[in-house]
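In case you want the letters, here they are:
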Amino acid sequence: MGIENKNLKTLLERLYSDDCFDREEAIAELKEIDDPQAVAALVMTLEDPDKGIRESIAEAIIEGRSPAAPAFLAQYLDHDDIAVRNLAAELLTKLGSLSIEALSEKLSDDDHDVRKFAVDILGMIGGTAAVEPVIRALDDDNMNVVCSAAETLGLLGDPQAVEPLQEAYRRNTDARAAIIEAVGRIGDLSALNLLTEALAADDPVLVLTAIEAMGNMKSRKVELYLKKLLKNEDNILQEAVVNALIKIEHDTDQAILDDLPLPLVQHCLAKAVGTGDRETKMFALEKLRSWDTPAAVSVLLEALTDADEDVALKAKEILTVAATSASDQISEAFRDASPTTACKLLDTVAATGNSRFVPDVTPLAEHQDEEVRERTAITLGKIGDYSVLETLTKLATDPVGHVRSAAYKAMGWVGGEEAVEVLFGGLEDQYPDVRQAAVVALVLSGDRRAITRLKEELRHENPQRQEMAAQALGWIGETEVVEPLINALNHPEWEVRKSALESLGRIRDKTGLEPAKVLISDEEPQVRQAVIDTLVALGGEAVMNDIAYLLEDADLWVRFRAIDALGRLGQADVSEKLVPFLTDQNDILRVAAAKALARLNDQRALPFLKSSVHDKNPDVAAAVSEAINKLEMVS
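In this text, all values refer to a predicted model and were calculated from it rather than measured experimentally.

(A) Seen up close, the pattern of salt bridges. Scanning the entire structure with this criterion turns up 34 salt bridges. When the shortest N-O distance is used, the salt bridge between D347 and R375 registers 2.7 Å. Here D347 is found in helix 22 (residues 339–352), whereas its partner R375 is found in helix 24 (residues 370–383), with 28 residues between them in sequence. On the basis of relative accessibility, which here comes to 25%, the residue D347 falls in the partly exposed class. Accessibility expressed as a relative area gives 24% for R375, which makes it partly exposed. Between E632 and K610 there is a salt bridge whose closest N-O contact spans 3.2 Å.

Take a look at the structure:
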């Protein structure tokens, strides 16, 4: 649809209004108009002083994706304001292939900076269509443009650029390093003769660039040329050759480093771990695995704190295996370590479980950093030596809650009478998560004294302690605790009754079935929910009628849990009890009923499900459709 001059004039005037809101409205109107004049008007206001307005214009241009936009935007590549210039470049990049023609035309611009800018943008756009115009830029009379074109062709990686790059190499002495780097990135072996020629050049920079380029070729065909250079006594050149060979071995998965001088290879691998990309780091660490030397251990220790978590984990894994032989270096590393390094070292020692490190770890219980103290507790627990209990007991009084939690958890791993006494003290902690850690630790300790004390705790004057004891006894799972748990079902506090029910279900001793049924009529909804799970665990199909009784419960979540449980029991006999919930006023129950009916595989439910397939709630409709599909597949 065209735009009348009068309307365009009005919109243009509004684009330059003093009122920001008026300008925003004009932008909104212009972006709806499919006309080059409207696009031009939007692009013209890229210089608006208001950042929000510029962002709105940019969004409008990208959303519109008008084929006319790139030609207008390209005119701003020589703008004096770098912010405007960069915004135009960003938009051209985002418009992608639509911008290639306009950028190609800019390769003939009188300003060499504009030509270079156009080449760079074409590289960011990428794709086969960008290759041909960039190849033309290799003939530019400005070396910055030629070098940029070579670099861009290397990034594009298209083999069709190899021959033009070789021709440009002959013409442009100053661009040779960029060209060699580009053909290496492309990786096409048709450039091998050019690379070998560059290896023999007098220019050391060009030689080093050619070595690196050969390392990028992903082919063992360059191996012989590179190894010949190792006879050269230049350390920098030798290091470059080994780095290239490391990359080739990584890319080809073939052993080519074994016959090289070991100290030089280790030096280069160490450097690769420190400065390489992620894949190179991982490869270099794996190669260092087989070299049990102080130098290799030092590299692994440094890699523990790498910013890439996967690299750090790989270093920890390898160092854990080598920890015994590297114990002196690890001990030394603890001295004056930063909190971050100390935590990484503690994780490594914890993975070894080696008591040799107890003297190194114990002093860190006094560290000012709370995370270090927490990791110290965990590490001592993983080592598991009774000698660490004194330090863990001290950490159990730490002012920071999560440090105390870690100390209690660690004591559970170590076990012993001394630990049990401290852990029961943890049940009085002010924080629930710390108390819970103490409960879990009592379970993990596996100490008979803990079981005896927990049974006594069921009669503690504090209901909270009784609740925790009931939980712990369920996790322990010994049949001797069933009777005390059954007695706890009559406790006046509902939290204790609930915990006792859950524990009986966890132990799966059928002695608890009939006493649990009594709580079907408990006054607390959460207890009635727990009853359902316990009955399923202890009685299975035999308790379907008991659970079905709770379908009429006053509490929504009890009804939901009952529906779900009947579906899990999988007996088609209860279908008729679930079908009415397909029309329940509550969305949650309708979804639950559809899912439960799907599990029962009862074809009689199909007509009822089909009558609900157009439920107003999309979640219900989806659950119903899924149930129908499942039942029809079974039929």
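Here the narrative resumes, following the displayed structure.
(B) Inspection of a nonpolar patch on the surface at higher detail. A surface patch of nonpolar side chains, amounting to about 340 Å² of accessible area, comprises W413, V440, L444 and W475. By relative accessible area, V440 is classed as partly exposed at 34%.

(C) Spatial organisation of the nonpolar core. Grouped together as the largest cluster of nonpolar side chains are 221 residues, with contacts concentrated most on L165, I211, I330, L392, I547 and L609. The element that contributes the greatest number of residues to this core is helix 38 (residues 587–600), accounting for 9 residues. Residues within four places of L609 in sequence aside, it is in contact with L582, A594, L597, V624, A627, I628 and L631.

(D) How the structure looks around the packing of aromatic side chains. Inspection of every chain in the model, using the stated rule, returns 1 aromatic pair. On the basis of an interplanar angle of 75° and a centroid distance of 5.5 Å, the ring pair of W557 and F560 is categorised as edge-to-face. In this pair, W557 and F560 both sit in helix 36 (residues 556–569), 3 residues apart, roughly one turn of the helix. Taking the relative accessible area as the measure of exposure, W557 reaches 41% and is therefore partly exposed. Since its relative accessible area comes to 27%, F560 is described here as partly exposed.

(E) Expanded view of unusual backbone geometry. One non-glycine residue, K218, lies in positive phi territory at about 55°. Position of K218 among the secondary structure elements: in the loop between helix 14 (204–215) and helix 15 (223–228). Taking relative accessible area as the criterion, K218 reaches 59% and is therefore assigned exposed.

(F) Broad picture of helix 27 (residues 417–426). Residues of helix 27 that are buried include every one of A419, V420, V422, L423, F424 and G426, and no others. Packing partners of the buried residues in helix 27 comprise helix 25 (389–395), helix 26 (401–414), helix 28 (432–445), helix 29 (448–457) and helix 30 (463–476).

(G) Fine view of the environment of E632. On the secondary structure map, E632 appears in helix 40 (residues 618–634). Note on E632: relative accessible area 38%, which makes it partly exposed. The sequence separation of E632 and A598 amounts to 34 residues, and the corresponding C-alpha distance is 10 Å. Residue contacts for E632: discarding those within four places in its chain leaves L606 and K610.

(H) Spatial organisation of a negative patch on the surface. Taken together, the side chains of E47, D78, D80 and D81 define an acidic patch exposed on the protein surface. Take E47: it is sitting in the loop between helix 3 (36–44) and helix 4 (51–64). By relative accessible area, which is 44% here, E47 ends up partly exposed.

(I) Representation of the packing of helix 30 against helix 32 (residues 494–507) in the model. Contact geometry for helix 30 and helix 32: axes closest at 8 Å, N-to-C directions at 5°. As judged from the angle between their axes, helix 30 and helix 32 are roughly parallel. Contact with helix 30, carried on its side by P463, Q466, E467, A470, Q471, L473, G474 and W475, involves E495, V496, S499, A500, S503, R506 and I507 of helix 32 and no other residues of that element. Classifying every residue of the contact of helix 30 with helix 32 gives 7 nonpolar, 5 polar and 3 charged.

Thresholds applied
Residues numbered from 1 in each chain as written. Predicted model: local features only at pLDDT ≥ 70, side-chain atom pairs only at ≥ 80, totals over all residues. Heavy atoms only, no water. Salt bridge = Lys/Arg side-chain N within 4 Å of Asp/Glu carboxyl O. Helix = DSSP H or I, 4+ residues; strand = E, 2+ residues; numbered from the N terminus. Buried < 20%, exposed > 50% of the residue type's maximum accessible area, 1.4 Å probe, protein only. Patch = residues over 30% accessible without salt bridge, like charges linked within 9 Å, V, L, I, M, F, W, Y side chains within 5 Å. Areas by Shrake-Rupley, 256 points an atom, 1.4 Å probe, with all protein chains shown as cover. Core = buried A, V, L, I, M, F, W, Y, C linked by side-chain atoms within 4.5 Å. Contact = heavy atoms within 4.5 Å. Phe/Tyr/Trp six-rings, centres within 6.5 Å; stacked < 30°, edge-to-face > 60°. Lys, Arg positive; Asp, Glu negative; His and termini not counted. Charge placed at Lys NZ, Arg CZ, Asp CG, Glu CD. Axes fitted to C-alpha atoms, helices over the stretch in contact; angles between N-to-C directions. Parallel < 35°, antiparallel > 145°, perpendicular 65-115°, else oblique. Nonpolar A, V, L, I, M, F, W, Y, C, P; charged D, E, K, R; others polar.

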